[in-house]
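Residues per chain are reported as follows:
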Amino acid sequence: MSPLSAPDLVVVGSGFFGLTIAERCASELGLKVLVLDRRHHLGGNAYSEPEPETGIEVHVYGAHLFHTSNEKVWEYVTRFTEFTSYQHRVFAKYQGQVYSFPMNLGLINQFFGKSHTPDEARALIAEQASEIDTADAANLEEKGISLIGRPLYEAFVKGYTAKQWQTDPKDLSADIISRLPVRYNFDNRYFNDKYEGLPVDGYTAWLERMADHPNIEVRLNTDFFDVAEEFKGTVPIVYTGPVDEYFGNSEGRLSWRTVDLEPEVLEVDDFQGTSVMNYNDQEVPYTRIHEFKHFHPERTYLPGKTVIVHEYSRFAEEGDEPYYPINTAEDRAKLLKYRELAKKEPMVLFGGRLGTYKYLDMHMAIGSALTMFENKLRPHFAEGAELTSGGVDE
């Protein structure tokens, strides 16, 4: 694609939020949009590519599972891709046994070695949870026990949480978990949304179609901060990178968790029989193993080989890829200061997971971008409304 003449809008980051903004502004308003991304590929963390030896599509930055009940979002995304009928189901390994997850009647019966009716199971968990009153819970461990009882907490929450946070759950805030869902039936679908599936041709094909417009130029391997002076104050910018980085970490770094992903090709046709297996024993260092051929069982694969990815969770350090906002009280205080700074930036809107310091599933990022387009960008470009800088709080 030949470079655009002077763009009408600059979008920093080519994840779902950024590409939704770019596509809407190009298609609906006829704007020339320049998308900048420091990586060598578009798509942000949703990027996927075939593993060279096996051809199996791997989600490079961890498993991405599309699901939504938002009709507006579903109508939008199905313009660019069809979806398979994949329904996500997770299994959890604990002390050599595999359980169906999330916690449901099947898990309860298996774990306690006895068949329970839904009412019997509900009464059993209520009795075990009565050990601690939720209102009195002083830390995550006490909160977990107050919600589901000590036996289930110690088996399925304690070790996994300790690995996720690199911290004893007794030292974690009770606020981290608001609820621990237990289903008193045999439903083992992980998500309850109306729509669910994986893009038929893969995530990268979907993302490339969003960017495939003559008015959109995607410039990869380009750090916004190397070219910022060319655009700041002269053209509207939608920034989806880390908000603290935009301001030079002037109010301090926001804290994130990251994941380390270790892919491996195995000489076996099927390693674990499912797409995701959680490992709940604390002494097992990884949190889960993904086996990517199970995400697309409709595809034909070479026999005798599979790709697995071990996932490890830890606190993000400088240079790490930020995944999940930790969102401590200290972080929230810094974020408020950054939001005040954001309001003063000329013609800059902050969006997406990194730009707003919020954990957003894909459908949430797309929905948030559609809202920003309708509420801020369309009124500005189509009607001449003033562009008020700042973030999105939808």
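Residues numbered from 1 in each chain as written. Predicted model: local features only at pLDDT ≥ 70, side-chain atom pairs only at ≥ 80, totals over all residues. Heavy atoms only, no water.

- Within an unreviewed UniProt entry, the label attached to the protein chain reads UDP-galactopyranose mutase, and the organism entered is Nocardioides donggukensis.
- UniProt, in its Catalytic activity (unreviewed entry) section for the protein chain, records the words "UDP-alpha-D-galactose = UDP-alpha-D-galactofuranose". (UniProt positions renumbered as here; feature names shortened; annotations may be inferred.)

## Considering the overall build of the protein chain
- Helix and strand counts for the protein chain come out as 12 helices and 17 strands.
- Against the 2.2 N^0.38 benchmark of 21 Å for 394 residues, the protein chain shows a C-alpha radius of gyration of 23 Å, consistent with a compact globule.
- Taken along its principal axes, the extent of the C-alpha atoms in the protein chain is 70 × 55 × 35 Å.
- Across the 394 residues of the protein chain, 55% fall into the buried class.
- A separation of at least 24 residues holds for 72% of the contacts in the protein chain among residues at least 6 apart in sequence.
- Roughly 17,800 Å² of accessible area belongs to the protein chain as shown, and the carbon and sulfur atoms make up 48% of that amount.
- Computed over 39 positive and 62 negative side-chain charges, the inter-centroid distance for the protein chain is 3 Å. (Helix = DSSP H or I, 4+ residues; strand = E, 2+ residues; numbered from the N terminus. Rg over C-alpha atoms; globule rule 2.2 N^0.38 Å. Buried < 20%, exposed > 50% of the residue type's maximum accessible area, 1.4 Å probe, protein only. Contact = heavy atoms within 4.5 Å. Areas by Shrake-Rupley, 256 points an atom, 1.4 Å probe, with all protein chains shown as cover. Lys, Arg positive; Asp, Glu negative; His and termini not counted. Charge placed at Lys NZ, Arg CZ, Asp CG, Glu CD.)

## Some words on the pairing of strand E13 (residues 288–291)
- Bridge count for strand E12 (residues 276–279) against E13 is 3 bridges, and the pairing is antiparallel. Paired with Asn278 across the strands is Arg288, a residue of E13. (Pairing = 2+ DSSP bridges.)

## Some thoughts on the packing of aromatic side chains
- Scanning all chains against the criterion turns up 34 aromatic pairs.
- Ring geometry for Trp256 versus Tyr357: centroids 5.0 Å apart, planes at 90°, classification edge-to-face. Note that Trp256 is positioned in strand E11 (residues 256–266) and Tyr357 in the loop between helix H11 (352–356) and helix H12 (362–383), a separation of 101 residues in sequence. Of the two residues, Trp256 and Tyr357, both sit in the buried class.
- Taken together, the aromatic side chains of Phe16, Phe66, Trp74, Phe83, Tyr195, Tyr203 and Trp206 make up a single cluster linked through ring pairs.
- In this arrangement the basic side chain of Arg39 is found over the ring face of Tyr61, its NZ or CZ atom lying 4.0 Å from the centre.
- Just above the ring of Trp165 sits the side chain of Arg257; from NZ or CZ to the centre is 4.4 Å. (Phe/Tyr/Trp six-rings, centres within 6.5 Å; stacked < 30°, edge-to-face > 60°. Lys NZ or Arg CZ within 6 Å of the ring centre and 35° of its normal.)

## Focus on the packing of helix H1 (residues 16–29) against H12
- Axis separation between H1 and H12 bottoms out at 8 Å; the angle between their running directions is 40°. As judged from the angle between their axes, H1 and H12 are oblique. Read as a crossing pair, H1 and H12 show a hand that is right-handed. Along the contact surface, H1 presents Phe16, Phe17, Thr20, Ile21, Arg24, Cys25, Glu28 and Leu29, while H12 presents Met362, Ala365, Ile366, Ser368, Ala369, Leu370, Met372, Phe373, Leu377, Arg378, Phe381 and Ala382.
- Classifying every residue of the contact of H1 with H12 by side-chain character gives 15 nonpolar, 2 polar and 3 charged. (Axes fitted to C-alpha atoms, helices over the stretch in contact; angles between N-to-C directions. Parallel < 35°, antiparallel > 145°, perpendicular 65-115°, else oblique. Left-handed = near helix turned anticlockwise from the far one by under 90°. Nonpolar A, V, L, I, M, F, W, Y, C, P; charged D, E, K, R; others polar.)

## A short note on the side chain of Gln128
- Relative to the assigned elements, Gln128 resides in helix H4 (residues 118–129).
- The class of Gln128 is buried, set by a relative accessible area of 18%.

## Observations concerning the sheet that holds E13
- Taking strand neighbours across the sheet as the criterion, the 7 strands line up as E7-E6-E12-E13-E14-E11-E15 in an open arrangement whose pairing is mixed. Of all strands in the sheet, those bounded by a partner on one side alone are strand E7 (97–101) and strand E15 (324–325).
- Note: strand E6 (residues 90–94) against E7, 5 bridges, orientation antiparallel. From the neighbouring strand, Tyr94 faces E7, where its bridge partner is Gln97.
- The sheet contacts of helix H3 (residues 105–112) involve E6 and E7, and relative to E7 the element is tilted by about 155°.

## Examining the pattern of salt bridges
- The tally for this structure, following the rule as stated, stands at 28 salt bridges.
- Put simply, Arg150 and Glu154 hold a salt bridge, and the shortest N to O gap is 3.4 Å. Taken together, the positions of Arg150 and Glu154, both in helix H6 (residues 150–165) and 4 residues apart, correspond to about one turn of that helix.
- Through salt bridges with shared partners, a single ionic network connects Glu23, Arg24, Glu28, Glu374 and Arg378. (Salt bridge = Lys/Arg side-chain N within 4 Å of Asp/Glu carboxyl O.)

## Notes on the nonpolar core
- Core analysis: the largest hydrophobic core is formed by 83 residues, its most contacted members being Phe16, Phe66, Val77, Phe156, Tyr203, Trp206 and Ile366.
- By residue number, the principal contributor to this core is H6, which donates 6 residues.
- For Phe156, the residues in contact, after removing those within four places along its chain, are Ala92, Tyr94, Tyr99, Phe101, Leu107, Phe111 and Asn280. (Core = buried A, V, L, I, M, F, W, Y, C linked by side-chain atoms within 4.5 Å.)

## A word on helix H7 (residues 203–211)
- Buried within H7 we find Tyr203, Thr204, Trp206, Leu207, Met210 and Ala211. The buried residues of H7 all sit within an arc of 160° when viewed along its axis, so they share a single face. (Arc of directions from axis to C-beta.)

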